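Structural characterization, general
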Amino acid sequence: MAMWAGRFSKEVDEGVNAFNSSISFDARMYRQDIAGSIAHATMLGEQGIISMSDSLEIIGGLKEILADIDSGKLVFDPNAEDIHMFIEAELTKRLGDVGKRLHTSRSRNDQVALDIRLYLRDKIKEIKQLLSTLIEILCKLAEENADTIMPGYTHLQRAQPITFGHHLMAYAQMLLRDIDRLCDTEKRMNVNPLGSCALAGTTYNIDRFRTTSLLNMKEPMENSLDGVSDRDFCMELANALSICMVHLSRFSEEIILWCSWEFKFIELDDAFSTGSSIMPQKKNPDVTELIRGKTARVIGDNMTLLTMMKGLPLAYNKDMQEDKEAIFDAVDNIKLCISTFTPMLATMTVLRDNMRKAAAKGFINATDCADYLVKKGMPFRTAYKITGGLVALCISKNTTLEELPLDEYKKASELFDNDVYEAINLETCVKERKSFGGPSPESVLTQINSVKKKLEELNNG
Ligand code: ARG
């Protein structure tokens, strides 16, 4: 019989029982459930709501249950309704009537809300750690490639010269924002719903500030209805994780392109590539493709949570049990993705010569050629037009701006002189792009230092 069976005259239908049960996916919160119960029992004892000796016996029993689950001695009963019922039933099995006192002035509604918060609080820490390591690898690679010239693209067309270091640091910035978003999410997650009870608080003299400090949370939630019906923290986390996955997905897409024969800017280590069952020559970037694919899944989890919540009246509704599989899936998958992505990045080979060769084609120094004229006094629009003409001339002669003879330049404008070749030299073009946030080697090093500093602040803040 279920623990709530008092008013029922029949056993619940077996199919309904299985349909209703969440233990298969909420058992993973057993540590948090026990931690919450220990805080609750401590407070009940201190407030004289249960006797001190019952409180101590309950705490001891809960600690033993935790040890037994950890050691594998106690296994979850798949027929239990959920992790909360399982642990309470086990406690009662062990302590008899004393165990039955634990649930005084508590409901599974505030219990589950607390457990998810505590569980996700731990997961945020782990994800932040993984992202920090990834950013550190990016900084190291960017330092090694601060002067590695590559074409920068817009519309996937070669546009202007940049450095590979600069390109990598763009991702470091995105991931730094992801950590910042996680810190922000954590702030609103780390508040305590325990004591909201079913929906309307309680007549017992509970001390919610005490459980809050025992659980190392910021403050008790101020409205009991909100306490049990709020899942903003799940939606916020799923959203932060979706954005982070979009970043990893865009990076993955670029790596997939860079691995192709059409680009050949990098080569992935054999340990992070896969072959084809039929084509002997193939070396496929499966890891990055899977990350791109899993991004869809995490965005789906985010959508599940938003859609699940959007029509719910206050306070708890059973629909909300669906929150866990969605947010756990998002958390599990992003952890898998970052853990695989980071060593893949750390072991890839950067094919600098190929990047430099690609940069030499596509007239990516055309803006610099126009800027050369502007610096000699010509209005930018006129310089733009003249340079466009020179590019067209180069295309018709199958040559480059670097190789075009000076007399052709002079025919286009008298302002051109021998120093134009220095001005459009790709190394010069990159070195001179030292505007704040620009791609010059000097600026890339500034970026790296700043990212490292901000990362430290975020992780210690
Ligand atoms: N397993 C439930 C969930 O995950 C726990 C809360 C159940 N509360 C209730 N009143 N049925 O949401």
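Nothing here was measured: the structure is a model prediction, and the numbers come from that model.

Time to look at the nonpolar core. Membership of the largest hydrophobic core comes to 76 residues, with the highest contact counts inside it found for L120 and I255. At the level of elements, α6 (108–144), α7 (164–189), α10 (232–259), α11 (286–309), α12 (323–346), α13 (352–360) and α19 (441–460) are the ones that each hand at least two residues to this core. Per-element accounting of this core gives the leading share, 14 residues, to α10. Filtering out sequence-adjacent residues up to four positions away, I255 remains in contact with I266, L268, T288, F341, M344 and L345. I34, I38, L44 and I58 belong to the second largest nonpolar core, which has 23 residues in total.

Along the polypeptide, H40 turns up in helix α3 (residues 30–46). Note on H40: relative accessible area 2%, which makes it buried. In contact with H40, not counting residues within four places along its chain, are L102, T104, S105, R106, L194 and T211.

Before going further, it helps to spend a moment on the site of the ligand. Every residue close to the ligand is listed here: S22, D26, D82, H84, R108, N109, V112, Y316, Q321 and K324. The side chain of D82 places a nitrogen or oxygen atom 3.0 Å from a nitrogen atom of the ligand. Alone, the ligand offers 340 Å² of accessible surface; in the complex the protein occludes 87% of this. With three residues, the single largest contributor to the shell around the ligand is α6. Its residues placed into classes, the shell around the ligand shows two nonpolar, four polar and four charged.

Scoring rules and cut-offs
Residues numbered from 1 in each chain as written. Predicted model: local features only at pLDDT ≥ 70, side-chain atom pairs only at ≥ 80, totals over all residues. Heavy atoms only, no water. Core = buried A, V, L, I, M, F, W, Y, C linked by side-chain atoms within 4.5 Å. Buried < 20%, exposed > 50% of the residue type's maximum accessible area, 1.4 Å probe, protein only. Helix = DSSP H or I, 4+ residues; strand = E, 2+ residues; numbered from the N terminus. Contact = heavy atoms within 4.5 Å. Near = heavy atom within 4 Å. Polar contact = N/O pair within 3.5 Å; in protein donor to acceptor, adjacent residues only side chain to side chain. Areas by Shrake-Rupley, 256 points an atom, 1.4 Å probe, with all protein chains shown as cover. Nonpolar A, V, L, I, M, F, W, Y, C, P; charged D, E, K, R; others polar.

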